[in-house]
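Structure assessment
For reference, the chains in residue letters:
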Amino acid sequence: MGMDDKTILHRITELVDEEHRLRSTAQAHESGTDDEAKEQLRALEESLDQCWDLLRRRRAAREAHGDPEAQGARPVSEVERYLQ
C-alpha cells in the first residue's frame with residue numbers, strides 16, 4: 001500500500017462512506033442487498049480490515065522506535081482471520 005497514516009485514514013473514511021452508501025441504497029430498496037452489492041460490501045470490508053491492520057502496525061512500529069515505513073499491507077487471507 002505504501003501510504004502514510006494520513007493517507008490511510010483518508011482511505012478508511014472513503015471506504016466507510018462507500019459502505020454506508022451501499023447499505024443505505026439496499027435499505028431504500030427494501031429488497032436487501034443483491035449478490036453484486038454483497039460482493040462489493042465484502043470487498044469493502046476486506047479493504048477496511050487491511051487499512052486498519054496497516055495503520056495499527058505502523059503505529060506500533062513508531063511506538064517501538066521502529067520504522068513505520070517498513071510496514072506493508074498484509075494479504076486479505078491473513079488479516080481476515082483476526083478477531084475484532
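Located above this text is the structure these notes cover.
Residues numbered from 1 in each chain as written. Predicted model: local features only at pLDDT ≥ 70, side-chain atom pairs only at ≥ 80, totals over all residues. Heavy atoms only, no water.

Comments concerning the nonpolar core
In terms of nonpolar packing, the biggest core is built from 11 residues, these being Met3, Ile8, Ile12, Leu15, Leu22, Leu41, Leu44, Leu48, Cys51, Leu54 and Leu55. Mapped onto this core, the elements with two or more residues apiece are α1 (5–29) and α2 (35–63). The element contributing the most residues to this core is α2, with six residues. Dropping the residues within four chain positions of it, leucine 48 is found in contact with Ile12, Leu15, Val16 and Glu19. (Core = buried A, V, L, I, M, F, W, Y, C linked by side-chain atoms within 4.5 Å. Buried < 20%, exposed > 50% of the residue type's maximum accessible area, 1.4 Å probe, protein only. Helix = DSSP H or I, 4+ residues; strand = E, 2+ residues; numbered from the N terminus. Contact = heavy atoms within 4.5 Å.)

What about α1?
The first and last C-alpha atoms of α1 sit 36 Å apart over 25 residues, in line with the 36 Å expected at 1.5 Å per residue. Buried within α1 we find Asp5, Ile8, Ile12, Leu15, Glu19, Leu22 and Ala26. (Expected span 1.5 Å × (residues − 1).)

Re the pattern of salt bridges
Enumeration over the complete set of coordinates arrives at 12 salt bridges. Here arginine 23 makes a salt bridge to glutamate 19, at a shortest N to O gap of 3.2 Å. Of this pair, arginine 23 and glutamate 19 both sit in helix α1, four residues apart, which is roughly one turn of that helix. Arginine 23 sits in the partly exposed class, given a relative accessible area of 35%. Between arginine 74 and aspartate 53 there is a salt bridge; the shortest N-O distance is 3.1 Å. Here arginine 74 is found in the loop between α2 and α3 (76–79), whereas its partner aspartate 53 is found in helix α2, with 21 residues between them in sequence. Because the salt bridges share partners, they merge into one network encompassing Asp5, Arg58, Arg62 and Glu69. (Salt bridge = Lys/Arg side-chain N within 4 Å of Asp/Glu carboxyl O.)

A short note on the packing of α1 against α2
Closest axis-to-axis distance for the α1/α2 pair is 10 Å, and the angle between their directions is 155 degrees. One way to sum up the angle between α1 and α2 is to call them roughly antiparallel. Our pair here, α1 against α2, has a crossing hand that is left-handed. When grouped by side-chain class, the residues that make up the contact of α1 with α2 number 13 nonpolar, two polar and nine charged. (Axes fitted to C-alpha atoms, helices over the stretch in contact; angles between N-to-C directions. Parallel < 35°, antiparallel > 145°, perpendicular 65-115°, else oblique. Left-handed = near helix turned anticlockwise from the far one by under 90°. Nonpolar A, V, L, I, M, F, W, Y, C, P; charged D, E, K, R; others polar.)

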